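Understanding the architecture of this molecule
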Amino acid sequence: MTMFERYNGRIGIEQLVREFYRDVLAEPELAVSVESIIQHQIDLFCHIMGGPCSFDLSWLESAHKPLKISEAHFDWVARILVENL
C-alpha cells in the first residue's frame, strides 16, 4: 500500500495539507500567506506519496533559497508536518 492510498488518495492529502497549514499559520513566527501554494503542496504530497500526480521537484531548492528560511523554522514546520501525518 502506498502512502497515497494510506491517506485516502487526493481527498485525504488535500485534508492533510489544509490541516498542516492551519497549524503552521497558527504559529505567529511561521505565519505567511499560503493559500496560493496549497494546491502546489497537495500536488507535491500526492507525488511523493506515490499517487498519480506529477510534480517537478527540481526547482524546490532554488525557490526556497531567497526566503532565507532558518533551520529552526524548517525544523519547526517539519515537526508540525509529522504531527499531522
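Shown above is the structure to which this text applies.
Residues numbered from 1 in each chain as written. Predicted model: local features only at pLDDT ≥ 70, side-chain atom pairs only at ≥ 80, totals over all residues. Heavy atoms only, no water.

Structural notes on the pattern of salt bridges
This is how the line gets drawn: When a carboxyl oxygen of Asp or Glu lies within 4 Å of a side-chain nitrogen of Lys or Arg, that pair is called a salt bridge. A run of H or I in DSSP becomes a helix once it reaches four residues, and a run of E becomes a strand once it reaches two; helices and strands are each numbered from the N terminus. Each residue gets one of three labels from its accessible area relative to the maximum for its type: buried under 20%, exposed over 50%, partly exposed in between, using a 1.4 Å probe on protein chains only.
Enumeration over the complete set of coordinates arrives at three salt bridges. The salt bridge partner of Asp43 is Arg10, with a shortest N-O separation of 2.9 Å. On the criterion of sequence distance, the pair formed by Asp43 in helix α3 (residues 35-48) and Arg10 in helix α2 (residues 9-25) is long-range, its members being 33 residues apart. Exposure remark for Asp43: the relative accessible area of 25% places this residue in the partly exposed category. When the shortest N-O distance is used, the salt bridge between Arg18 and Glu14 registers 3.2 Å.

Side note on the state of the cysteines
Defined as follows: Here, two cysteine sulfur atoms that lie within 2.5 Å of each other are counted as a disulfide.
Under the counting rule described, the total for this entry stands at one disulfide. Each disulfide pairs two cysteine sulfurs, and for Cys46 the partner residue is Cys53, the sulfurs being separated by 1.9 Å. On the S-S bond that ties Cys46 to Cys53, the torsion sits near 70 degrees, and the link is right-handed. By the burial criterion, Cys46 is buried, and Cys53 matches it.

Digging into the packing of α2 against α3
The line we're drawing: Interaxial angles span 0 to 180 degrees and are taken between N-to-C directions of axes, which are lines fitted to C-alpha atoms, for helices over the stretch in contact. Angular relationships are summarised with four words: roughly parallel below 35 degrees, roughly antiparallel beyond 145, roughly perpendicular across 65 to 115, and oblique for the angles in between. Two helices crossing with the near one rotated counterclockwise from the far one by less than a right angle form a left-handed crossing, whereas a clockwise rotation gives a right-handed crossing. Contacts are assigned to residue pairs that have any heavy atoms within 4.5 Å of one another. Put simply, Ala, Val, Leu, Ile, Met, Phe, Trp, Tyr, Cys and Pro go in the nonpolar bin, Asp, Glu, Lys and Arg in the charged bin, and everything else, Gly too, in the polar bin.
In contact at an axis separation of 9 Å, α2 and α3 are set at 135 degrees when each is read in the N-to-C sense. Here α2 lies oblique to α3, going by the angle between them. At the point where α2 passes α3, the crossing takes the right-handed sense. For the pair α2 and α3, contact is made by Arg10, Ile13, Glu14, Leu16, Val17, Arg18 and Tyr21 and by Glu35, Ile37, Ile38, Gln39, Gln41, Ile42, Asp43, Phe45 and Cys46, respectively. Split by residue class, the contact of α2 with α3 holds nine nonpolar, two polar and five charged.

Focus on the packing of aromatic side chains
Rules: Here a Phe, Tyr or Trp ring, Trp counted by its six-membered ring, pairs with any other such ring whose centre lies within 6.5 Å, and the pair is stacked when the planes are under 30 degrees apart, edge-to-face when over 60, and tilted otherwise.
For the structure shown, the criterion picks out three aromatic pairs. On the numbers, 5.0 Å between centres and 70 degrees between planes, the contact of Phe20 with Tyr21 is edge-to-face. For the pair formed by Phe20 and Tyr21, the shared burial category is buried.

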